[in-house]
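Structural features, examined
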Amino acid sequence: MPQPLSAHVVAAHLERVRKNAPLTHVITNDVVTGFTANVLLALGAAPAMITAPEEAGSFAAIASALSVNVGTLTSTQAATIRIAVQAANQANTPWVLDPVAAGVLPYRTELCQALLQQHPAAIRGNASEIMALAGQSAAGKGVDSANQSDQAIDAAMTLAQTCGAVVAVTGEIDYITDGQQVIAIKAGDPLMTRVTGTGCALSAVVAAFVANCDTSDRLTAVASACAVMAIAGQQAAAKAKGPGSFVPLFLDNLFLLNADAIAEVLE
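In short, a report on the structure.

**As for unusual backbone geometry**
You will see that A21, though not glycine, has its phi angle at about 45°, which is positive. Tracing the sequence through the fold places A21 in the loop between helix 1 (7-20) and strand 1 (23-27). Taking the relative accessible area as the measure of exposure, A21 reaches 35% and is therefore partly exposed. At N92, a position not held by glycine, the phi torsion is positive, near 60°.

What follows is the structure, given as structure tokens:
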């Protein structure tokens, strides 16, 4: 049975991120680079979008966390990801996998399956992506999921048990699991799906939240990242007229988010 997440816990993780300003190395798709950087800055993290294979390993070794996203995958980016992940592991830098469209195209699916063997701290994806990584039949529509998030709970638990990562399945309700416990986050707004990059940015936020975090707190850290993004999105959507006005409101709400606002949604 999924359990709720305490507003106090979310506020504590958010305060930790703002205090530590984790240097978050992000290798992501071309479409969302600027938006992702702005999301991290609004939350108080320090983004670095280092993509050259000649630099990725050196930087991943000194970063607080690494986020890798295979959205607009190229052979050069695949090489960069492999180098960065290897260096992160050698430096004990936690890293996060966003398996965009895994299960739809074989090249990215094979890369993601290989990366599962490299001990990600967390995996963040939609239901179809998580089900595909767990070896289950899934119905993806390009980068979008044709499955509901609750359909992937078992797959997420299996995946977490297999590779040791905290797995977040995001959708109308987010489910986050370490293979034993499951946390459910019900917040957000459908308008978030009308803006490119909210999911991809969330994966980078997950990386920022697992930085400087004890492994025993990793489950609530990942869940808190999901909650913060969903709450800010819900607040922004309440005032937005459409996708164009949503983005600045979303960034403002991330920047202004506090314990009281979190408690209004989660308690």
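There is more to say after this.
**Points about the layout of surface pockets**
Here the second largest pocket defines a volume of roughly 170 Å³. V26, I27, T28, D30, T33, M49, T51, T72, T74, T76, Q77 and T80 together form the lining of the second largest pocket. Elements represented by at least two residues in the lining of the second largest pocket include exactly strand 1 and helix 4 (75-90). In terms of residues, the lining of the second largest pocket owes the most to one element, helix 4, which gives 3 residues. Of the residues that constitute the lining of the second largest pocket, the class distribution is 3 nonpolar, 8 polar and 1 charged.

**Describing the packing of aromatic side chains**
According to the stated counting rule, one finds 2 aromatic pairs in the structure shown. Ring centres of F35 and F250 lie 6.2 Å apart, and the angle between their planes is 20°; on these two criteria the pair is classed as stacked. Pair noted here: F35 is in helix 2 (residues 33-43) and F250 is in helix 10 (residues 243-256), with a separation of 215 residues, a long-range link. A relative accessible area of 13% means that F35 is categorised as buried.

**Focus: helix 2**
Looking only at helix 2, the buried set comprises F35, T36, A37, V39, L40, A42 and L43. The elements touched by buried residues of helix 2 are helix 1, strand 1, strand 2 (46-48), helix 8 (198-210), helix 9 (218-239) and helix 10. Looking one or two places after helix 2, you find G44, whose phi comes out positive at around 105°.

**Topic: the environment of R124**
Summarising the element assignment, R124 is placed in strand 5 (residues 122-125). Put simply, R124 and V247 are 123 residues apart on the chain and 21 Å apart in space, counted from C-alpha to C-alpha. Every residue in contact with R124, bar those within four places of it in the chain, is listed here: L97, D98, P99, A168, T170, G199, C200, L202, S203 and V206. A distance of 2.7 Å separates a polar atom in the side chain of R124 from a polar atom in the side chain of T170.

**Topic: the pairing of strand 4 (residues 95-98)**
Neither face of strand 4 is left uncovered, since the one carrying W95 and L97 and the one carrying V96 and D98 both have all their residues buried. Taken together, the 4 bridges between strand 3 (residues 65-69) and strand 4 define a ladder with parallel strand orientation. Along strand 4, the bridge assignment pairs S67 with V96. In this structure, strand 4 lies alongside strand 5, joined through 2 bridges in parallel fashion. Pairing of L97 across the sheet is with I123, part of strand 5. Taking the sense of rotation as the criterion, the β-α-β connection linking strand 4, helix 5 (residues 106-115) and strand 5 turns out right-handed.

**Things to note about the side chain of T177**
Mapped onto the fold, T177 is located in strand 9 (residues 174-177). Reaching out from T177, the side chain makes a polar contact with the backbone nitrogen of G179 at a distance of 2.9 Å. Contacts of T177, omitting those with residues within four sequence positions, involve A156, M157, A160, A165, V166, V167, V182 and L219.

The rules we used
- Residues numbered from 1 in each chain as written.
- Predicted model: local features only at pLDDT ≥ 70, side-chain atom pairs only at ≥ 80, totals over all residues.
- Heavy atoms only, no water.
- Helix = DSSP H or I, 4+ residues; strand = E, 2+ residues; numbered from the N terminus.
- Buried < 20%, exposed > 50% of the residue type's maximum accessible area, 1.4 Å probe, protein only.
- 1 Å grid on protein atoms, 1.4 Å probe; cavity = no way out; pocket = protein on both sides within 12 Å on 5 of 7 lines; lining within 4 Å.
- Points joined across faces, edges and corners; volume = space filled by probe spheres on them.
- Nonpolar A, V, L, I, M, F, W, Y, C, P; charged D, E, K, R; others polar.
- Phe/Tyr/Trp six-rings, centres within 6.5 Å; stacked < 30°, edge-to-face > 60°.
- Contact = heavy atoms within 4.5 Å.
- Polar contact = N/O pair within 3.5 Å; in protein donor to acceptor, adjacent residues only side chain to side chain.
- Pairing = 2+ DSSP bridges.
- Right-handed = clockwise from strand over helix to strand, strands pointing away.

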